[in-house]
Amino acid sequence: MTDVSLYHNDFENKWCPGCGNFGVLNAVKSALAHMDIPPEKVLLISGIGQAAKTPHFLNCNFFHGLHGRALPVATGARLANHDLPILVHMGDGDCYGEGGNHLLAAMRRNIDVTLLIHDNRVYGLTKGQASPTAEYGFSTKAQPFGALSDPLKPIPLALSQGVGFIARGYCGETDHLSRLIQKAIAYPGFSMIDILQVCVSYNPVNTYEYYNERVYLLDETKHRADDWHGAMDLSLQGEDRIPIGLIYQKQTIPFTKRIKTLEHGPLFHRSFDPAAVQAVLDDL
Amino acid sequence: MDIDVTVTIGGAAGQGIQTVGDLLASVCHRAGLYLMVINDFESRIRGGHSFMQLRISDEPVVAADDKIHLLVALNRETFDIHAGELAEGGRILMEEDGAGGSDEALHVVDVKFTNLAEKAGGKIMTNTVAAGAALEMLGAPAELVVKVIESHFGGKSKSVLENNLKAIQMGRDAVANTDFDWHFKWPDRKPAGKMLSGARALALGALAADCRVASFYPMSPATEILVYLAGFMDRFPLVVEQAEDEIAAINMAIGASFGGVRAMTATSGGGFSLMVEGLGLAGITETPVVVINAQRPGPATGLPTRTAQGDLFFVIHAAQDEFPRFVFAPRTLDEAFETMIRSFHLAEKYQVPVIVLVDQYFNDSLSITREKWSVPEKIERFLVSDADMPDPSSYKRFAYSESGVSPRAVPGAGRARVMVTGNDHTEEGHLSETIADRNGQVDKRHKKMLKMAEEMNGPDILFGDSRLLLVTWGSTDGVVREAVNRLRKEKHDVGAVFFSDIWPFPTAPAMDALSGCEGFLTVELNASSQLGGLIRRHTGLQADGAIVQYDGRPMKPGHVVARTKQYMEGGQ
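Being a predicted model, the structure only gives us computed values, none of them experimental. (Residues numbered from 1 in each chain as written. Chains lettered and ligands numbered in written order. Predicted model: local features only at pLDDT ≥ 70, side-chain atom pairs only at ≥ 80, totals over all residues. Heavy atoms only, no water.)

**Regarding the overall build of chain B**
Each helix and strand in chain B was counted, giving 18 helices and 21 strands. The C-alpha atoms of chain B give a radius of gyration of 26 Å, which matches the 25 Å a tight globule of 572 residues would have. Across its three principal directions, the C-alpha atoms of chain B cover 80 × 60 × 40 Å. By residue count, 62% of the 572 residues in chain B fall in the buried class. At a minimum sequence separation of 6, the contacts of chain B that also span at least 24 residues come to 74%. Accessible area of chain B: about 21,200 Å², with a carbon and sulfur share of 50%. (Helix = DSSP H or I, 4+ residues; strand = E, 2+ residues; numbered from the N terminus. Rg over C-alpha atoms; globule rule 2.2 N^0.38 Å. Buried < 20%, exposed > 50% of the residue type's maximum accessible area, 1.4 Å probe, protein only. Contact = heavy atoms within 4.5 Å. Areas by Shrake-Rupley, 256 points an atom, 1.4 Å probe, with all protein chains shown as cover.)

**Some details on the packing of aromatic side chains**
Going through the model one piece at a time under the given rule, you end up with 16 aromatic pairs over all chains. Note on A:Phe11 and A:Phe57: the rings are 6.1 Å apart at their centroids and 20 degrees apart in plane angle, and the pair reads as stacked. Of this pair, A:Phe11 sits in the segment before α1 (21-34) while A:Phe57 sits in the loop between β1 (43-46) and β2 (61-64); the two residues are 46 residues apart in sequence, bridging distant segments of the chain. Under the relative-accessibility criterion, A:Phe57 is labelled buried at 3%. Ring centres of A:Phe63 and B:Phe258 lie 5.0 Å apart, and the angle between their planes is 65 degrees; this geometry places the pair in the edge-to-face category. Taken together, the residues A:Phe63 in strand β2 and B:Phe258 in helix α9 (residues 246-258) connect one chain to another. Relative accessible area serves as the criterion here: at 0%, A:Phe63 is assigned to the buried category. One aromatic cluster in this structure is built from A:Phe11, A:Trp15, A:Phe22 and A:Phe57. Over the ring of A:Tyr210 we find A:Arg214; its NZ or CZ atom is 3.8 Å from the centre of that ring. Its guanidinium or amino end placed over the ring of B:Phe398, B:Arg397 lies 5.1 Å from that ring's centre, counting from NZ or CZ. (Phe/Tyr/Trp six-rings, centres within 6.5 Å; stacked < 30°, edge-to-face > 60°. Lys NZ or Arg CZ within 6 Å of the ring centre and 35° of its normal.)

**Re the pattern of salt bridges**
Taken as a whole, this structure holds 44 salt bridges over all chains when the rule is applied. Notably, a salt bridge pairs A:Glu12 with A:Lys14, separated by 4.0 Å at the nearest N-O pair. Judged by relative accessible area, A:Lys14 falls into the partly exposed class, the value being 35%. With a shortest N-O distance of 2.9 Å, B:Arg331 and B:Asp477 are connected by a salt bridge. (Salt bridge = Lys/Arg side-chain N within 4 Å of Asp/Glu carboxyl O.)

**Some words on the sheet that holds strand β7 (residues 215-217) of chain A**
Spatially, the nine strands line up as an open sheet ordered β7(A)-β8(A)-β5(A)-β6(A)-β4(A)-β3(A)-β1(A)-β2(A)-β15(B), and their pairing is mixed. For this open sheet the edge positions go to β7 of chain A together with β15 (419-421) of chain B, each flanked by a neighbour on one side alone. The average undirected angle you get between the axes of adjacent strands in this sheet is 20 degrees. Where β1(A) meets β2(A), four bridges bridge the pair, whose relative direction is parallel. Pairing of A:Leu43 across the sheet is with A:Asn61, part of β2(A). On the sheet, helix α2 (residues 70-80) of chain A packs against β1, β2, β3 (86-91) and β4 (114-119) of chain A and is oriented at approximately 175 degrees with respect to β3(A). (Pairing = 2+ DSSP bridges. Axes fitted to C-alpha atoms, helices over the stretch in contact; angles between N-to-C directions.)

**Some words on helix α3 (residues 113-120) of chain B**
All names here are of chain B. Phe113, Thr114, Leu116, Ala117 and Ala120 are the residues of α3 that are buried. For α3, the arc enclosing every buried residue in end-on projection is 165 degrees, short of the 170-degree limit, so these residues lie on one face. Considering only its buried residues, α3 is in contact with β4 (68-73), β5 (86-94), α4 (126-138) and α6 (158-174). At the C-terminal side of α3, Gly121 shows a positive phi close to 140 degrees. (Arc of directions from axis to C-beta.)

**Quick look at the interface of chain A and chain B**
Each side of the interface is counted separately: chain A has 49 residues, and chain B has 63 residues. Summed over both partners, the interface of chain A with chain B comes to about 4,500 Å²; 67% of that surface belongs to carbon and sulfur atoms. Seen at the junction of chain A and chain B, the total is three salt bridges. Measuring nitrogen to oxygen at the nearest pair gives 3.3 Å for the salt bridge that ties A:Asp282 to B:Lys372. For the interface between chain A and chain B, the tally reads 23 residue pairs in polar contact (both at pLDDT 80 or more). Of all the elements in the fold, those that place two or more residues in the side of chain A that touches chain B are β2, α2, α4 (100-109) and α9 (274-283) of chain A. Residue composition of the side of chain A that touches chain B, grouped by class: 27 nonpolar, 14 polar and eight charged. Inspection of the sheet shows β2(A) paired to β15(B) by three bridges, in the parallel sense. (Buried area = accessible area lost by both parts, 1.4 Å probe. Polar contact = N/O pair within 3.5 Å; in protein donor to acceptor, adjacent residues only side chain to side chain. Nonpolar A, V, L, I, M, F, W, Y, C, P; charged D, E, K, R; others polar.)

**A word on unusual backbone geometry**
All names here are of chain B. A cis geometry characterises the amide bond from Ser220 onward to Pro221, with omega recorded as 0 degrees. One can find Pro221 in the loop between β8 (211-216) and α8 (223-230). Cis geometry marks the peptide bond from Trp503 to Pro504, where omega comes out at 5 degrees. Its place among the elements puts Pro504 in the loop between β19 (501-503) and α16 (507-514). Of note in the backbone geometry, Asn177 takes a positive phi value of approximately 65 degrees without being a glycine. Here Asn177 shows up in the loop between α6 and β7 (195-197). The exposed category is assigned to Asn177, whose relative accessible area is 80%.

**Focus on the sheet that holds β4(B)**
The strands that make up a sheet are held in pairs by hydrogen bonds between backbone atoms, and each pair lies either parallel or antiparallel. Residues and elements named next belong to chain B. Sheet architecture is open: eight strands sit in the order β6-β5-β4-β1-β3-β2-β14-β7, paired in mixed fashion. If you trace the sheet from one side to the other, it starts and ends with β6 (108-110) and β7, each paired once. On average, each strand axis in the sheet is inclined to that of its neighbour by 20 degrees, with strand direction left out of account. Inspection of the sheet shows β4 paired to β5 by four bridges, in the parallel sense. Considered in β5, the bridge of Ile68 is made with Leu86. Sheet strands in contact with α4 are β1 (4-13), β3 (47-57), β4, β5 and β6, and its direction is about 160 degrees off that of β4.

**Re the pairing of strand β8 (residues 242-249) of chain A**
Residues and elements named next belong to chain A. Here β8 lies mainly inside the structure; seven of its eight residues are buried. By the bridge criterion, three bridges tie β7 to β8 in an arrangement that is parallel. Considered in β8, the bridge of Leu217 is made with Ile244. Note on the crossover from β7 through helix α8 (residues 228-236) to β8: the handedness is right-handed. (Right-handed = clockwise from strand over helix to strand, strands pointing away.)

**Examining the environment of A:Glu98**
Residues and elements named next belong to chain A. By the secondary structure assignment, Glu98 is in helix α3 (residues 92-98). Distance from Glu98 to Arg69, taken between C-alpha atoms, is 8.0 Å for residues 29 residues apart in sequence. Residues in contact with Glu98, not counting those within four places in the same chain, are His67, Gly68, Arg69 and Gly93.

**Structural notes on the packing of α1(A) against helix α6 (residues 174-186) of chain A**
All names here are of chain A. It is the contact of α1 with α6, at a shortest axis distance of 8 Å, that shows an interaxial angle of 50 degrees. When the interaxial angle is binned, α1 and α6 end up oblique. Considering the relative orientation of α1 and α6, their crossing is right-handed. Between α1, through Gly23, Val24, Asn26, Ala27, Val28, Ser30, Ala31, Leu32 and His34, and α6, the contact on the second element is made entirely by Thr174, Leu177, Ser178, Ile181, Gln182 and Ile185. Among the residues making up the contact of α1 with α6, the classes are represented as eight nonpolar, seven polar and no charged. (Parallel < 35°, antiparallel > 145°, perpendicular 65-115°, else oblique. Left-handed = near helix turned anticlockwise from the far one by under 90°.)

**Quick word on the side chain of B:Asp245**
Following the sequence through the fold, B:Asp245 ends up in the loop between β9 (239-242) and α9. As a buried residue without a salt bridge, B:Asp245 has its nearest oppositely charged side chain in A:Arg69, at a separation of 5.4 Å. Looking at B:Asp245, its side chain comes within polar contact range of the main-chain nitrogen of B:Ile247, at 3.1 Å. Excluding residues that lie within four positions of it along the chain, B:Asp245 makes contacts with A:Asn101, A:His102 and B:Tyr217. (Lys, Arg positive; Asp, Glu negative; His and termini not counted.)

**Examining α16(B)**
All names here are of chain B. Inspection of α16 places Ala510, Ala513 and Leu514 among the buried residues, and these make up the whole buried set. Angular distribution of buried residues about the axis of α16 spans 85 degrees; they occupy a single face of the element. Facing away from the buried surface of α16 by more than 90 degrees, the exposed residues are Ala508 and Asp512. The secondary structure elements touched by the buried residues of α16 are β16 (460-462), β17 (468-473), β18 (494-499), β20 (519-524) and α17 (530-539).

All we've got here are geometric facts, nothing functional implied.
Listed below in C-alpha cells is the structure:
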C-alpha cells in the first residue's frame, strides 16, 4: 500500500471546520493509497460547489470546471485516454440540479468513471438554499416557508436506468467509504456513490447525530448486491433507518469498450497517419 | 465563359428534388464542368416548397446567378414562384396541366413526369425522368448519363437500376429535339476538382488536422459536418459523439482536449448560445478547442434552414469578461479545408478557443474545389512532457512566460501533475483570489494577443486601387467577386476587399486596403453591417454605405450590382 501522505498537499483547505467533505477527502486518499494509484496517475474532475473544490486538497491531476458540467468533461477526458482512472466529484446541486441531463446521459453511456456525489441536501457555496435532495418543507432563507418540491431520489433513479454500480456512503464512516470507492474504481463502467454528507453550516437537520442514529451497514444484512428488486425496495424505504454500502452491482459494457476504434489503445497514444487521410482525400 | 447555364429544380419536400439535383451535378462534374449548387428548403420533412439551383459553367463559378435558364417544376407551386425568374429564351419542364394560361406557359415543355415514371416501373422514379429530360435539354452525352445512373443506383437491387435507366431514357426521349438556347457542346475532360459541400470540406479539414474527438448536438445547418466526419470513425483514431445537449458538446470537447487529443464541436447560433459558458471555460483554462458556428438567421429559432451572417459580433464577444480567441470565416471550399487545419494548429499553439464562422449557404452548397488538398506531414502539438522539465513534480500549468503561453502537459502522461480550474488561479492551477494572481493571469492571457495578431492574414483584395470598394467577409465572397467583374465590364471603377481572418482584427492590413479608395460599401447578410462596425472600431474608417440583406436567402450578384450602381448614382 502506498503511503497516504503522498496525497497530502499544503494548499490551504477552504472548508468549514467539521465539514463532512473532510471525511470524503480522507476516504478518497485512503482508497487511492490502498489501490497504489500514484497521484500523477489519477484524474479528478469536478463541477462547482464546496464538493467540487475537493481536487484542490489532494495531490492529483484535476480539472475543476463549470457548475453541473463535470460529467461531459469526464466523458471527453475518458475518450482521450481510457487508461487513466477518473473520479468525478460533485455536490447534490451540481450533479442532480444543474447537471441533471448530463447525469442521465452518463448513465446511458455507461462511461467508465467513478461519480462521487457529496450529498448534503443543501447549497453550501451560495450559503444555504434548498438543494434537489432537500426534503419537502426544508426551510431556508430562500425557502422561508419551506422547500416546495419533493426530493430527488438518486438511488432509485440510477437503478431504474440500469446503472451497474450503485452505492451509498457516509462521510462519518471513512474506512467504509474508502472501501466502497476502491470497489467503484475497480468496476468497469459507470459507478456511482451517493455520499451522505453533513453540512455543519447550513443544514441543521441532517447532522452527524441524525445519520449516526440511522445508518446501518448493508454488509451485515442479507441484502445481495445482485438483487435489483431488493435494492429498489431498500432505496425506497423511508429514513428511519438508512442502509449504507453496495446497493447494486451487475456486469455491463463500459462506454469505451463500445467504441471499436478504442480497441487499438487510448486515442492520446495513437499516431497520426497522414497517408491514410491523404488517401481519403484522393479518393473523393 | 462559353457555358453559363442555371437550372432550378423545384417541388415539395419529399418529391426527390435532391435526387434530380445530385444526378445533374454528378453528370456535370464528371464531364469536367464547374458547378455551384445551392439548396433552398423549408424546415419540414414533407411538403412546402424547396428548390435546388445549379449553375453550370466551363469556368469556375463562385455565386448563384440571378436568372434561370431551365426550370424543372415538379409541381405547380414551383412554376408560380420561379417562372418570373426565367431568362429570355429559358424553358420550363413540367406537366402541362399545371401551367394554366399564363404568359410563361408559352415556355413550357410538357413532360408527363408521373406517367413516364409509372411506365418505367413506378411513380417513385418521377425525379429520374425529370433528370433525364433536363440533361437532354442541356445536351448531356448519353454514355455519361448512363454511367452516373449506374453509379448512383449501383448499390441498389438490379431492378431498381434497370428501372432508373429506363426512366432516365424516357425523360430524354420526351424532350428530344426540343429547341433550347442553352443546349451546349459538352467537354470531355477530367473532373475539374472534388465536388463537395462546405460542411464536408470542414469535416475533411478536421480529419486532416488530426481531430480525435468531435462532439455535437444536431442543429441545422451544422449537423452535416460531424455526421459526415462520423463515417470515418472506423478507420481513424477518431470518436464522434452525439452529446445530450450543446453544453455537454463543448464541455466534452474541452475534456478531450485536456486529456491530450485535438477536439472540436459544431453548432449553429442557438447551440452556440448554450456553449458560451464553455467557451469561457476554454478561455480561462487555456484549453485548445475548435468550435464551428454555422450561422442561420434569427435569435432563438429564427429561420432554421436559411442563411445569415448575423453572428459576427456575437462570436467575437461571446462569454463574460475577456480572453483571447481566434475567429475565422472561410470563404471557399479550399479555404475551409485549410482553415480547419490552421484552426487546430493555432488553438494548440496559443492554447485558446478558435471559432470558425460559416453559414447555411456555405455549408449546404455544393461546388468544385480548385486546389490540391494536402494533409500536413506532421502535427505539431505544442505539448511538454517530463523530459522538458527540470522537476516534473513542481510543474505549473499556468506559469508566467514572455509570450503568455505556458507549458502544456497532459494529465497522466508523466510525473507532472496537471491542475486546471475555471476559477481564477495560481500559476500551479489552484484557486486564488489574490490581486497578484488575478492580474498576473489576466495579463498573461492577454499577452498572447500580440503574437496571435501577427498570425492574422490581411483581407484578400480585388482591384484594390479602384475608386469604390465593396467590402465583405465569409461566404459572401463569391457574390461580390462576380458583382465586381460585372460592374467592371460596364466600366465602373469598382474593386473589392474580402475578409476571412476576423479576430484578432487585422487592423493594419485593413487600413492599407481601405484608406486609398474614395469610398467603400460593406456587403453582408445582417441588418446592421457588423463588419462595417468592426472596421470603424479598429481603423476609424467609416463605410459610405452598406448593402445588407437579412431575409435568410443567399445574396445574388445582380442585387449587389444594382445596389452599387444606385449608390454611385447618388441614391442610397
